[in-house]
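# Residue-level structure breakdown
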Amino acid sequence: MPSPRRGRRPGASGTRQAILDAARTRFAEDGYAAATIRKIAADAGVNAALVMQFFGSKDELFAAVMAVSPAALARITQAFDGPEQTLGERVTRAHLALWEGDPQDSEPLLAMLRAAISTPQAAAQLREFIQARLLKQISPRLQDEHDATVRAGLASSMLIGVIVGRRIVQVQALVEEDLESVICLVAPAIQTILIARSGADPN
């Protein structure tokens with residue numbers, strides 16, 4: 001664990017960077033769920049209130065570490081608002097649009113994805129970025145915590161796989177297909193994964 005910083009406190013920009021550096025390390029080591037504002041503050045040598053003053057919440061701090069704008073992060077969260085029967089389409093659209101939208105948001109994520117293929121820490125951060133949000137949103141909809149975890153893992157793996165195919169491996173058929181068509185094909189599968197079927201026949 002990094003030692004708390006000592007000596008004269010740096011200016012606002014230096015303090016903000018110290019918090020980001022501490023958060024990046026803490027998220028990579030502990031994961032999003034286990035990393036706390038208190039731990040990150042201690043690593044950065046500041047109090048927790050100052051972290052909240054700079055970033056507002058752990059979610060916004062994580063977005064800053066991932067170099068994703070708060071507005072883009074909000075669009076993912078907002079995708080879970082609305083009719084349940086169109087949840088898969090909204091979630092698929094929000095995620096894929098983020099990866100293929102504004103370069104300010106998409107390029108850092110693509111860089112993280114490329115690094116994740118060979119770097120465990122980058123893989124952990126990327127997994128947390130997608131899976132933690134899916135799990136947080138679908139858990140209240142499902143009674144079984146294990147079931148929710150598995151569903152979030154499957155959905156996040158599918159969404160990442162589509163981006164790998166289109167942007168990293170560049171499978172020709174996927175690259176040539178327009179985003180709307182890809183969303184229409186992927187959304188029903190995401191819908192099935194995220195929404196438990198009530199009264200489903202176990203056989």
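Definitions and limits used
- Residues numbered from 1 in each chain as written.
- Predicted model: local features only at pLDDT ≥ 70, side-chain atom pairs only at ≥ 80, totals over all residues.
- Heavy atoms only, no water.
- Helix = DSSP H or I, 4+ residues; strand = E, 2+ residues; numbered from the N terminus.
- Buried < 20%, exposed > 50% of the residue type's maximum accessible area, 1.4 Å probe, protein only.
- Contact = heavy atoms within 4.5 Å.
- Areas by Shrake-Rupley, 256 points an atom, 1.4 Å probe, with all protein chains shown as cover.
- Lys, Arg positive; Asp, Glu negative; His and termini not counted.
- Charge placed at Lys NZ, Arg CZ, Asp CG, Glu CD.
- Phe/Tyr/Trp six-rings, centres within 6.5 Å; stacked < 30°, edge-to-face > 60°.
- 1 Å grid on protein atoms, 1.4 Å probe; cavity = no way out; pocket = protein on both sides within 12 Å on 5 of 7 lines; lining within 4 Å.
- Points joined across faces, edges and corners; volume = space filled by probe spheres on them.
- Nonpolar A, V, L, I, M, F, W, Y, C, P; charged D, E, K, R; others polar.
- Core = buried A, V, L, I, M, F, W, Y, C linked by side-chain atoms within 4.5 Å.

## What to know about the overall build of the protein
From N to C terminus, the protein includes 11 helices and 0 strands. Mapped from its N terminus to its C terminus, the protein presents α and β elements in the order α-α-α-α-α-α-α-α-α-α-α. With respect to the principal axes defined by its C-alpha atoms, the protein has extents near 65 × 40 × 30 Å. Taken over 203 residues, the protein has a buried fraction of 41%. Considering only residue pairs separated by 6 or more positions, the protein has 65% of its internal contacts joining residues 24 or more positions apart. Carbon and sulfur atoms make up 53% of the accessible area of the protein, which totals about 10900 Å². Distance between charge centroids for the protein: 10 Å, based on 22 positive and 22 negative side chains.

## Here we look at the packing of aromatic side chains
Enumeration according to the criterion identifies 1 aromatic pair in this entry. Between Phe 54 and Phe 55, the ring centres sit 6.3 Å apart and the planes meet at 40 degrees, which makes this aromatic pair tilted. The class for Phe 55 is buried, based on a relative accessible area of 4%.

## Observations regarding the layout of surface pockets
Volume-wise, the largest pocket comes out at about 160 Å³. Forming the boundary of the largest pocket are Tyr 32, Ala 33, Arg 127, Glu 128, Gln 131, Ala 132, Leu 135 and Lys 136. Sorting the residues of the lining of the largest pocket by element identifies helix H1 (12-34) and helix H8 (120-138) as the ones contributing at least two each. When residues in the lining of the largest pocket are grouped by element, the largest group, 6 residues, is from H8. Residues that form the lining of the largest pocket fall into these classes: 4 nonpolar, 1 polar and 3 charged.

## Re helix H4 (residues 58-65)
In terms of burial, H4 is a largely internal element, 6 of the 8 residues being buried. Lys 58, Asp 59, Leu 61, Phe 62, Ala 63 and Val 65 are the residues of H4 that are buried. Where H4 ends, the next residue or the one after it, Ala 67, has phi of about 60 degrees, a positive value.

## Some points on the nonpolar core
For soluble globular proteins, nonpolar side chains are generally found buried alongside one another. Ranked by internal contacts, the top residues of the largest apolar core, which has 59 residues, are Phe 27, Leu 61, Val 91, Trp 99 and Phe 129. Non-local contacts of Phe 27, meaning those with residues more than four positions away in its chain, are made with Tyr 32, Ala 35, Ile 40, Lys 58, Leu 61, Phe 62 and Val 65.

Spatial relationships are all this shows, so hold off on functional conclusions.
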